[in-house]
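Descriptive structure summary
The residues making up each chain are set out below.
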Amino acid sequence: MARKQKATEVRHPSSDVDDGVGDKLFFLRTKYSLLGKAEWWWLMDDSLAEINARLESEHFVVIDGFLTGAHTRSLRDEIRDAHEHGHLAPGVLAGGKAGDATQYTMRDVRGDHVGWFDGTERLEGVQWDTLPTAMKRADTLVNQLGAQPRSELATVSSRSKAMCTVYPGDDARYVRHVDNPDGNGRLLTALLYLNPEWEEGDGGELRVFRCLSGSGEAAAAGFVDCDGKSLESADSFDTRVKSGHLGGATDEFNVAVDARDVAEGVRDVATLRGAGENGSTTKPVRLTDVAPLGGRVVLFKSDARVPHEVLAAHAPRYAVTLWYFDKSEVTAARAAPLSEAERKEQEEKIAREIEFMRLKHGATSEPEVRIRDSQEGEWRDTGTTRPTPDVPGQCSAAWEDGDVIAITVPLPAGTCAADCGVEVDTSSSTLIIEAPGLEGNVARVKLPEGADEDSISVKLSKKPTRALVVRVRCEPLAVLPTPTPHTVESPPPEPEPDLPPRTGVPATSAAKDCVGVGGTLSWSSSTDFSTLPSVPPREPGTAPRGIDLRDASDWEDFIQTRWALAGKEDEQPVLTPHALDGLSFPVTLAWSLQQPGVSEALAAARKKTRTDATRTDATFANLGDETAGTTPVVVVIAGASSFTEQYLLDRTRYWEEVTVAAPQPAGGIHLAFVGPDVVAASGEAKRLSPTITASVHRETVRDYTARVPNDVPLMIVGFNTGMGGGGGALARGWAPDLVETLSRRPDAPAVFTAANDYADLRGELAVFKALGARFIVDPRANPFRAFTHTIGEGEGEPGVRSAPRQGEKWSCANAFVYAVQGFAKGKGPSAGLTDEQLCTLAAKAAERAAGAAWDALGMRRS
Ligand SMILES: O=C(O)CCC(=O)C(=O)O
Ligand SMILES: [Fe+2]
C-alpha cells in the first residue's frame, strides 16, 4: 500500500514489488461486481475456494467489500450510538481459559472501548439494525469456509457475541497478543472494519506477526506457531516503527528486505530474520499491516500462529470482532476452570506485561486489576448446560447424544405424513445450527416415505438458545387440487401458500424431469426480498419515464437506473440474492416488451383494437391502465406456479417493475397468471398500480386465451417451462397449448425462458423448429437471469450453488430467453399439418434433442 512514510529507518528498496499474490481476490471481486453480484462476491464458489486457500496456507486473509458501504456506515453509526450512550466500557485484558480469572484494564495496553452485543439488546439510544445482518453474513462465510476441503473451520460449533469496539483516536492501541494462547476454544477471529473514511496517517492498522518455519526464501517456508523469543526482535522493530524516537541505524535489527504491497491497504512491512540464521534458536518473523478499511473483513487463526496488535489509532476507529469456537476445545475449556496455581500464574503474567509496557512504551496509565467471575457476553456457549429450547405448545423438544436436539411435531388431524415437511426457523438462535436442509435460517425437512402418521421429528445439532419457530407444511407432490396449508405455530402465522418446493420451474415440469433435485429457487415466508425504492408518481402532463433495457447487458443496467428513477442515485443499491431471483421474472418480461420483435407485434395488434363502444366483451376494458375505456395488453404468464410467479405476486411488489422498467404500453398491462399450479385462483382482477392489474386462473392457457377477444393485444410468457427437457414427455404436455395458441393467435408474441442450456434450451429450440414457429427474438443469454444456480443430482453436492462447473448439469431460472410469433411461412398448419400431428412432432423433437444433449455431456439418459 502506498503508506505515508512513517518515522522508521527501515528501508524498503523493493516496496513496489507486486508478485500478484494479492490480485486473485481483487480479481474475483471485480469479476462478480461486473456480474452484478458485488455484494455477494465472496460467496461465489471460486471466491470461497481462494479465501479458504489463503486462510489455510497463510493463516490469515483479508476480504474487501464484505459489507456494502451502506451496511458499513450504518453499523458504524450503531456502535457510535452505543458508545455515546455509555454502553461501551474499557476493553478488558482477559486471562484464564474460562474467562473467569484475574482481569485487568490498562489504557496503554489496550485502549479500546468495547461492548458485547448480538443485536437483540434493547439499549437506550441504540437501534440495532445492521449488526444482526453483519453477524449473519459472517456466519454464512464461516459456515461456507468450514465446508471447503481441508478447512480447519470444519469443527466450528459456535461463536461469541459481537465485540463492538471503538478506539477513540487518542493513540489508543492494543499491544501484541494472541487471542487463544491457552486452548480457550477460539479457533477463528473475524474482524469487521467499519471505517469508510480511513486515510493514511489515521493509524490503527492491524499488525499481524507470523513466524516462518525456516530462514531463506520466505515464499518457500511455511508459517508456524510464534514463540516469545522469536517475537522479541519484532518487538524492537515495532517500537521504532511506531514511536520513531529511537531513530538511527537499523542494521542491528537484521531486516530481510522484502517489504511489499500485498493488496490495497495491506502491506508486508518486513520480514525480520531469525537471530543467527542457520542453527538459530529464533524464527524469522513477518510483519503485515492491514488498514482498517470500511467493509473489509479480516479472518485469522486465533492461536499462536497469528499474534497481532493494533497500532496506535490517531482517529476514531470502529470495528466488530467475532470469535468462532472449536467444538471440543471450548467444551473442555468450560469444563476445566482454572486451578489455583493457574490463577496465580495468570496474575504473574499480567504483572509482567504491565512491567513490559512501562519499559517498552513508557506506559504511564494505571492498570486496574480486578477479578471477575464470568466474562459476560464473551462466552456464549455454556458447553455443559443445555437450555431446552422453547418450542411452540404442541411440539416437544429433547436433547439427545452429540448435541442433537430432536423436535417432535404433531401432525394436523387428517394429514398424511408422507405429504408433509417441517420447517424450523433458527433465526432467533445465536448459535450456528446444523440441520438437514438448512438454508439461511430455515431448515426444511421433508418426511421420508412411510413416516409415522401422528408426528414427525426433526433433529438439529447444536444448541438453540432461544425459541424456535416450528411449522409443519404439506407440500403438493404433483398437480393436486389446491392444497390446504397446515400450520402448527405460535403465534399463528399469516395464511400463506405451502412450502415452496425446492425448485423454481413450474412444478408440472420441474419436479421430476427437469434438472434433478435442487431447482432454482426456494422461497419461504422468511425469505428476504429487498424492497425497491418507490418511484415518485409522474407529474401530470410529463412524458412517461421508464428504463430503456433494450441493450442492457446485465443487472447493473437495470439497478443503477432504477435507483436513479426513484431519486436515489446517491444511495448504494442493496439487493439480496433472493431479490435478484425474484426480480428476474418481471424484469425479463420488461426487457422482452422492449425487444423490437415483440413491441412491433404488440403495436400491430393494438391497431386492431376496437373502441369500447363497439366491444361486445367489456371484461378487459377495466383492466391495465385505470383510465376508463382503455384496453390493456394482456400478458398470459403460462404455466405460472404458486411457488414462483404467483409467489412474487402475493409477497412482493416486484411485478410492478414491468412498467417501471418499460416505457409503459398504451392501455397498461394486465397480467394473467394461468396454469394448473396456481392456488386460490379466483380469476378476480386486482390492481397493482395505476397501469397494472393482475388475476390468477387455474386453467389451461388454451382455455384462458380463448376468452381473450381477438382485438385485445395478447402476449404469452412461459418462464422456465422445461418443455424441452424430460425426453419429450413435457413437450407432449405443453404442445396442445402451444400449437393451439400459436395458430389461433398468430398476432401474439410468445416469450420463453429456459433454465439451462443442455436440455431445456436445446430441446425447446428443437420443439419450436419442428413446429415451424417464427422466431422474433433469437435465443440468447438473458441479461436478467436469476442469481442462484443449482446443480443437479449426481453432480457433486446437489442444492444451491453459485456457479456451475464445466460439464455439470445446472439450472438457473431465466438463464436464456427467446420469443416466437405464429408460424413461419409455409410451416405449421399452412403446411397441411393437423394440431395432433404438430404435437407429435414437438414431442419427438424434444425427445431427440434431450438425448443428444445428454450424450454431449457424457451423461446417462434418464
Ligand atoms: O480491532 C482489531 O483490529 C483487533 C482487535 C483484537 O486484536 C482483539 O480484540 O483481540
Ligand atoms: Fe486480538
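Relevant structure appears above.
Residues numbered from 1 in each chain as written. Chains lettered and ligands numbered in written order. Predicted model: local features only at pLDDT ≥ 70, side-chain atom pairs only at ≥ 80, totals over all residues. Heavy atoms only, no water.

1. Describing the coordination of the iron ion (ligand 2)
Coordination angles at a metal have ideal targets, namely 109.5 degrees for four tetrahedral donors and 90 or 180 degrees for six octahedral donors. The cut-off we apply is this: Each metal site is built from N, O and S donor atoms within 2.8 Å (3.2 Å for Na, K and Ca), and since water is not included, such sites may look incomplete. Whether a residue is buried, partly exposed or exposed follows from its accessible area with a 1.4 Å probe, protein chains only, as a fraction of its type maximum: under 20%, in between, or over 50%, in that order.
Every protein donor of the iron ion (ligand 2) is listed here as H177 (NE2), D179 (OD) and H308 (NE2), and their distances to the metal cover 2.0 to 2.2 Å. Positions of the donor residues of the iron ion (ligand 2), expressed as sequence spacing, correspond to H-x1-D-x128-H. A relative accessible area of 17% places H177 in the buried class. D179 sits in the buried class, given a relative accessible area of 9%.

2. With respect to the nonpolar core
What counts, and what does not: Residues belong to a common nonpolar core when they are buried Ala, Val, Leu, Ile, Met, Phe, Trp, Tyr or Cys residues joined through side-chain atoms within 4.5 Å. What counts as a helix is a DSSP run of H or I of at least four residues, what counts as a strand is a run of E of at least two, and both are numbered from the N terminus. We call two residues in contact when some of their heavy atoms are within 4.5 Å.
By size, the foremost hydrophobic cluster in this structure holds 138 residues, and its most contacted members are W655 and L671. The dominant element in this core, judged by the number of residues it contributes, is helix α10 (residues 577–594), at nine residues. If we ignore the near neighbours within four places in the chain, the residues touching W655 are F585, P586, L589, I637, E645, L648, L649, L671, F673, L688, I692 and F719. With 13 residues, the next largest nonpolar core counts Y193, V290, V298 and A319 among its residues.

3. Considerations on the pattern of salt bridges
Formally: The term salt bridge refers to a pairing of a side-chain nitrogen on Lys or Arg with a carboxyl oxygen on Asp or Glu at a separation within 4 Å.
Inspection of every chain in the model, using the stated rule, returns 25 salt bridges. A salt bridge links K31 to D46, with the nearest nitrogen and oxygen atoms 2.8 Å apart. Separated by 15 residues along the polypeptide, K31 in helix α1 (residues 23–34) and D46 in helix α2 (residues 45–58) bring together distant segments of the chain. For K31, a relative accessible area of 29% translates into the label partly exposed. The class of D46 is partly exposed, set by a relative accessible area of 28%. Taken together, the shared-partner salt bridges connect E56, E152, K301, D303 and R305 into one network.

4. A few points about helix α4 (residues 130–146)
Operational definition: One less than the residue count of a helix, multiplied by 1.5 Å, gives the span that helix is expected to have.
End to end, α4 covers 24 Å across 17 residues, agreeing with the expected 24 Å (1.5 Å per residue, within 8%). Those residues of α4 that fall on the buried side of the exposure criterion are T130, L131, A134, M135, R137, A138, D139, L141, V142, L145 and G146.

5. What about the pairing of strand β9 (residues 206–212)?
For clarity, the threshold we go by: Two strands are counted as paired when DSSP detects at least two bridges linking them.
Burial runs high along β9: seven of the seven residues are buried. Across six bridges, β9 lies against strand β14 (residues 285–290) in antiparallel orientation. Considered in β14, the bridge of F209 is made with L287. One ladder, built from two bridges, connects β9 with strand β10 (residues 223–224); its direction is antiparallel. When the sheet's bridge partners are listed, C211 is paired in β10 with V224.

The analysis is restricted to geometry; functional conclusions fall outside its scope.
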